[in-house]
Every structure is written in C-alpha cells, then in structure tokens.
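# Understanding the architecture of this molecule
Spelled out, the chains give:
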Amino acid sequence: YFQSAYDGSSSWRERWRYALILASIGVSSAADAAELFTMGYVLGEKQFQTAVLRGDLARGGAAVAGIANIGLLAGGIAAAAAEGRVGRKATILIGLSVSALGGVTCAASGSVASFASCRFIVGLGIGAILSCNAAIATEQSPPRERGFLVSAINSFWTVGIIGNSVWAYLLFHVFDLSWRIFMLVTTLPTIAGIFLILFLVPESPRFLAVQGSYESAAASANQIASAMGYKGSPLQAAEVSYHYNNHQPPALFAKETEPRSQLVRIKHQVHQAIGNTKKLYRGDLRRSVITVQLLWVLVSVGTSLASWINTIFQEIHLRNRYLNLIFLNCSSVLGSVASALLTDRIGRNAFLTAFLALSGAALAATAALSSDAHAEERTPAIVASIAFYYVGLTGVWTVLYVVVAELFPTDVRATGVVLCSTVGRLAAAGAMFANGALVKSPGALLGAGAAVLTAGAALSWACPPEEMRCRAVRDRSFTVKVWGEGDGVPLDCDSLPLLGSNGTSVDKVM
C-alpha cells in the first residue's frame, strides 16, 4: 500500500506532508543526540571540572559520562515492556519529556552524585526514544525506499551534534558563559521534538494492526498514504482485519473478558517481555541477533571515545579546539549522506564493514600523530584523521539502526532494538572508565579504540546479519505449517501468499 502510494506521486512537492512526518521523527533523533553528546563539551570545561568533579576527571568524569548509558539501558527495557500498551508514538513522547526534564535539572547540579543522577534521567528518556524511533520510521516507509528514508531520518542526529558544537563555540569561546547555560540550551531540540511528534506524526499502522486495532490501523495507513500524495481508493479496516486474522493464530488476538488487577497486568507484561526475548533466539533470527549484539558492543565501545575528544584535544594542546570540533561534527554529514545514498545500493552489511574499517583506520592514524610532544604542530593532520573517524561512525550508527529496525518482526521490533543495544550500553559505560584512565595518554587511548573498531569490521565481514535490502519487513515471529501432499512444512509467515478480502496482495496491506 505504501509503495503504491509513494510511486503514485511524481515528486516531493506532492509528498511534502510526508516529508514533515519524516522530519519530525528526525528532530527527535537530533534531540537525543544533542542531549547525549553534551558531555563531550562539558567535560573539557575547567569550571565544570572544578565545581562538579572536584578535579577528579578520571573517576568522576567517567561516572558522569557513563551513567547515561545505564539510563539508556533501563529506559530501553522499560520502553520495550510498556510500548505494547501505550504505542510507539506515546513511548517517544514520554522519552522526550523525561530527557528534557533530566537536561534541565543537570544545569542546577553541584556535585558528581546529583549531576550523575540527572544524567541517568536523561539516559532513561533517550533509551525510550531510541527503542521506537527507528521502528516507527521503518513501519511508515515504503519497502524499496526504506533504506534511504530511515537512513535519512537517523542522520538527523548529526544535526544535533553540529548544533552542540556551534553552541559550545558561541557560549564557551565567544561569550565565555557557564556550562549550565550550555546544558539548558541543548534541551531546546528535545522540547521542539515533543510538539512535532505530538501534532504531526501518526501512530504506526503496523503496530496498531498487530494489536488488533484494525480501524485505527487503516486510518493511520491512509493518513500516511495521503501525506505521500496518494489519491487512490483508501485501505479498508476489513482488508487489514482479513490479512492479520487469516494468517495469525487466533489466540494472539483474544480480548480480555475480565478486568485484570494491576499485579496481574505487570506479571503479564513481564511474561510478554520474556516471551518476546525468547522469540529472538529461535530459528533463523538467532545468528543475526548474536552478530548484531556483538557489533553493537564493539561500535559502542569505539564511540565512547567521542565523549573524550575535546579532553584529548586539551591534553595535546590542539589549537582552536571549538572551531575544530565544529568542523569535525560537520564532517559527520558525509557519513549521513553516504549511508542514505549507498545503503540500498551496496547493501547494509557491505556498508557496515567498509565504514567500520574506515573509522578504525582513522583512529590508528590519529594515534600515530598524537603519540609525542609535538602533536600540536600536527593540528591539521590530526583534525583531518579524526574527521574520517566521525564520518565512519556516523555512517555505521545510521545503518546499524536500519539493520535492527528491519531485521526484527513488528511484534518484537522494539524488544529486538533494546536487546541488541543492552549489552552495548553496558560495554560503553564500562569503557568510559577505561577512557578516563587512559585520557592522559592519548596515543594509547586512540590506539585501543582503533583496535576495537577494526574488530567490528572483521566481524561484519565474516558473520554478516541477514540482508534485508528491498525486502518487506515481517510482522510476526512465529511459524505456521502448510499442509499439502505429505508432511507439513514450517514456513515463516512472510513466505505465505497473503491476499486481502478483495484479492489484493500483501503490498495493499502496508
């Protein structure tokens, strides 16, 4: 249905309302990046090091930089458990609100403990956003353009980090203002995201259909199709109902006949979360899930170094720190553009392998250039090599979220994103302490990061996850049996010839 609607309009002038939907989801990506990467600037500020860290950069700095990853983990798990009841859109709105609250309270903190607590709250919100952002974008995109569109939406996080670098230059270098003002200003994209998601983005029709809300699913799908410029006959609730009822076990759509107590509801949610997790380690999904989890660990550890780049620049006495950080963050746009243009052309796995190798090689070159007392004289070369690290990581993260969002079926998509990111968040939190211990030896720290990212490239090349380029995403993770002449053959639900009540193909149903 979405592919027909998208193909039915000849240009983005007819799809401008759809572009607004995508841009609104993108702003929430920019908002979580703006909140998450504030620490890279604040850690390098002497006033913050004195007033909050009390001079303990190695342990206190690592604690306030890493605690957000624990919040991300907790927020993601909570979102995966609650999202089945409140929906993807509501989960993103809650996440944005919590993140904004944490960002504002950070500005009023005066100790490591209070600041870390507020950063944990920020992490809670970002975890909820990340668990659903790519999922809702994936479920509102036509199959053939999905890689390009979801990559473009994920690329908005570069807008957030570029905004951070510009604000850091203006507030710290030009006006010499407090880090507290900086923390307040970086919450503005989050507040904007709340209003944009609330008023412009519909709920995922696939999610509504899986929940059995066929009228709402059809209405949401028609709203998105209309935004694409579609002028054909609208999707009917009966078609959605026919598709989902005729190819899913009836028990999945059973309605409650008796009101449940709060305790019973909680137990049901816990059992549902456990059941969804078990589904991810069954059948063909198992190998891809394990591979993506390992990739997430390696990429998260390699990315944790980005929070210390400003501090590393300070240690090696690099000239024009804040202007160079603006340049580095602007260079991330190249990674975003590359991911949008190449993801559907060369495939997700080839892209991940190439860009992980690029980021690892860039860090290795930077380590070599920063290993002696004359690093300041090599400022242009160091900044150029770090720029390739930024380009590589931007492309990797953009495509990694595409991979996890389309790899998992709709009924376990948010759970899959949370599960794959969980071990990565824990690894990143631990890596912050290693980074803090090595920050006085920039060459060793950069070399360790290069080794981790190179290992990620090798893993992506040797054990690639399932390639989903130009393939329809799945809705259910169970298997059914088709009986013919002989024994039943277990098939994934997406391999069945799904037809609507009027004989239309599954493409007619989202």
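Refer to the structure above for everything that follows.
To keep things clear, this report deals only with the structure shown in the data block. Source: prediction; values computed, not measured. (Residues numbered from 1 in each chain as written. Predicted model: local features only at pLDDT ≥ 70, side-chain atom pairs only at ≥ 80, totals over all residues. Heavy atoms only, no water.)

### Points about the overall build of the protein
- Regarding its fold elements, the protein presents 22 helices and 2 strands.
- Considering the protein as a whole, with its 510 residues, one finds that 56% of them fall into the buried category.
- Taking all contacts inside the protein whose residues are at least 6 apart in sequence as the whole, residues at least 24 apart take part in 81%.
- Surface summary for the protein: the accessible area is close to 20,000 Å², and the carbon and sulfur share equals 65%. (Helix = DSSP H or I, 4+ residues; strand = E, 2+ residues; numbered from the N terminus. Buried < 20%, exposed > 50% of the residue type's maximum accessible area, 1.4 Å probe, protein only. Contact = heavy atoms within 4.5 Å. Areas by Shrake-Rupley, 256 points an atom, 1.4 Å probe, with all protein chains shown as cover.)

### Looking at the packing of aromatic side chains
- Following the criterion strictly, the structure yields 16 aromatic pairs and no others.
- The interplanar angle of 85° and the centroid separation of 5.4 Å between the aromatic rings of tyrosine 1 and tyrosine 230 together place this pair among those described as edge-to-face. Of this pair, tyrosine 1 sits in the segment before α1 (2-8) while tyrosine 230 is found in the loop between α13 (214-227) and α14 (237-246), placing the two residues 229 residues apart along the sequence.
- A residue is classified by how much of its surface remains accessible, and tyrosine 1, at 3% relative accessible area, is buried.
- With centroids separated by 5.8 Å and ring planes inclined at 75°, the aromatic side chains of phenylalanine 115 and tryptophan 179 adopt a geometry described as edge-to-face. Here tryptophan 179 lies in helix α10 (residues 179-185) and phenylalanine 115 lies in helix α7 (residues 112-138), a separation of 64 residues in the sequence.
- One aromatic cluster in this structure is built from Tyr41, Phe172, Phe182 and Tyr322.
- Seen from the ring of tryptophan 12, arginine 15 lies directly overhead, with NZ or CZ sitting 5.2 Å from the centre. (Phe/Tyr/Trp six-rings, centres within 6.5 Å; stacked < 30°, edge-to-face > 60°. Lys NZ or Arg CZ within 6 Å of the ring centre and 35° of its normal.)

### Things to note about the packing of helix α20 (residues 379-407) against helix α21 (residues 413-438)
- For the pair α20 and α21, the least separation of the axes is 8 Å and the interaxial angle reads 140°. When the axis of α20 is compared with that of α21, the two are oblique. Contact residues: α20 offers Tyr401, Val404 and Ala405, while α21 offers Arg413, Val417, Cys420 and Arg425.
- For the contact of α20 with α21, a count of residues per class yields 5 nonpolar, no polar and 2 charged. (Axes fitted to C-alpha atoms, helices over the stretch in contact; angles between N-to-C directions. Parallel < 35°, antiparallel > 145°, perpendicular 65-115°, else oblique. Nonpolar A, V, L, I, M, F, W, Y, C, P; charged D, E, K, R; others polar.)

### Observations concerning a nonpolar patch on the surface
- Together, Trp16, Leu20, Leu188, Ile191, Phe195, Leu198, Phe199 and Leu200 make up a nonpolar patch on the protein surface, roughly 800 Å² of accessible area in all.
- Broken down by secondary-structure element, the contributors of at least two residues to the nonpolar patch are α2 (16-36) and α11 (188-200).
- Of the residues forming the nonpolar patch, the biggest block, 6 residues, is contributed by α11. (Patch = residues over 30% accessible without salt bridge, like charges linked within 9 Å, V, L, I, M, F, W, Y side chains within 5 Å. Salt bridge = Lys/Arg side-chain N within 4 Å of Asp/Glu carboxyl O.)

### Looking at empty space enclosed by the protein
- Summed over all chains, the structure comprises 3 cavities of 30 Å³ or more.
- Elements represented by at least two residues in the lining of the largest cavity include exactly α2, α5 (57-86), α7, α16 (285-304), α20 and α21.
- For the lining of the largest cavity, a count of residues per class yields 12 nonpolar, 9 polar and 3 charged.
- Considering only enclosed or pocket space, the second largest cavity measures out at about 230 Å³ in volume.
- Contributing to the lining of the second largest cavity are 18 residues, with Phe37, Ile161, Ala306, Asn329 and Tyr390 lying nearest its centre.
- Those elements that place two or more of their residues in the lining of the second largest cavity are α3 (39-42), α9 (157-174), α17 (309-315), α18 (321-346) and α20.
- By residue number, the principal contributor to the lining of the second largest cavity is α20, which donates 4 residues.
- When grouped by side-chain class, the residues that make up the lining of the second largest cavity number 10 nonpolar, 8 polar and no charged. (1 Å grid on protein atoms, 1.4 Å probe; cavity = no way out; pocket = protein on both sides within 12 Å on 5 of 7 lines; lining within 4 Å. Points joined across faces, edges and corners; volume = space filled by probe spheres on them.)

### Some details on the environment of phenylalanine 148
- Note on placement: phenylalanine 148 falls in helix α8 (residues 146-154).
- Phenylalanine 148 gets classed as partly exposed once you look at its relative accessible area, which sits at 33%.
- Taking C-alpha positions, phenylalanine 148 is 9.7 Å from valine 399, a pair spaced 251 residues apart along the chain.

### Here's the deal with the nonpolar core
- Within the largest apolar cluster, 89 residues are counted, with the highest numbers of intra-cluster contacts made by Leu43, Phe48, Phe115, Leu328, Tyr389 and Phe408.
- By residue number, the principal contributor to this core is α20, which donates 17 residues.
- Leave out the neighbours within four places in its chain, and leucine 43 touches Phe48, Gln49, Leu53, Leu57, Gly61, Val64, Ala65, Ser307, Trp308 and Thr311.
- Counting 39 residues, the second largest nonpolar core, distinct from the first, contains Leu93, Ala209, Ala218 and Ala225. (Core = buried A, V, L, I, M, F, W, Y, C linked by side-chain atoms within 4.5 Å.)

### Describing the side chain of serine 151
- Mapped onto the elements of the fold, serine 151 is located in helix α8.
- A polar contact of 3.5 Å, which involves the side chain of serine 151, links it to the side chain of threonine 343.
- Aside from chain neighbours lying at most four places away, what touches serine 151 is Arg146, Ser339, Ala340, Thr343, Thr398 and Val402. (Polar contact = N/O pair within 3.5 Å; in protein donor to acceptor, adjacent residues only side chain to side chain.)

### Remarks on the environment of glutamate 406
- Here glutamate 406 lies in helix α20.
- Exposure remark for glutamate 406: the relative accessible area of 2% places this residue in the buried category.
- The spacing of glutamate 406 and glutamate 467 is 61 residues in sequence and 9.5 Å in space, taken between C-alpha atoms.
- Once you skip the residues sitting within four places of it in the chain, glutamate 406 turns out to touch Thr138, Arg146, Arg348, Met468 and Val473.
- Of note is the side chain of glutamate 406, whose polar atom sits 3.0 Å from the side chain of arginine 146.

### Points about the pattern of salt bridges
- The full count for this structure, using the stated rule, is 9 salt bridges.
- Between aspartate 344 and arginine 348 there is a salt bridge, with its nearest N and O atoms 2.8 Å apart. By the burial criterion, aspartate 344 is buried, and arginine 348 matches it.
- A cluster of three or more residues bridged by salt bridges with shared partners is formed by Arg146, Asp344, Arg348, Glu406 and Glu467.

### Details of the packing of α8 against α20
- Where α8 meets α20, the closest approach of the two axes is 9 Å, and the angle between their N-to-C directions is 125°. Considered as vectors, α8 and α20 are oriented oblique to each other. The two elements α8 and α20 meet at a crossing, and its hand is right-handed. Residues Arg146, Gly147, Val150, Ser151 and Asn154 of α8 lie in contact with α20, whose contacting residues are Thr398, Tyr401, Val402 and Glu406. (Left-handed = near helix turned anticlockwise from the far one by under 90°.)

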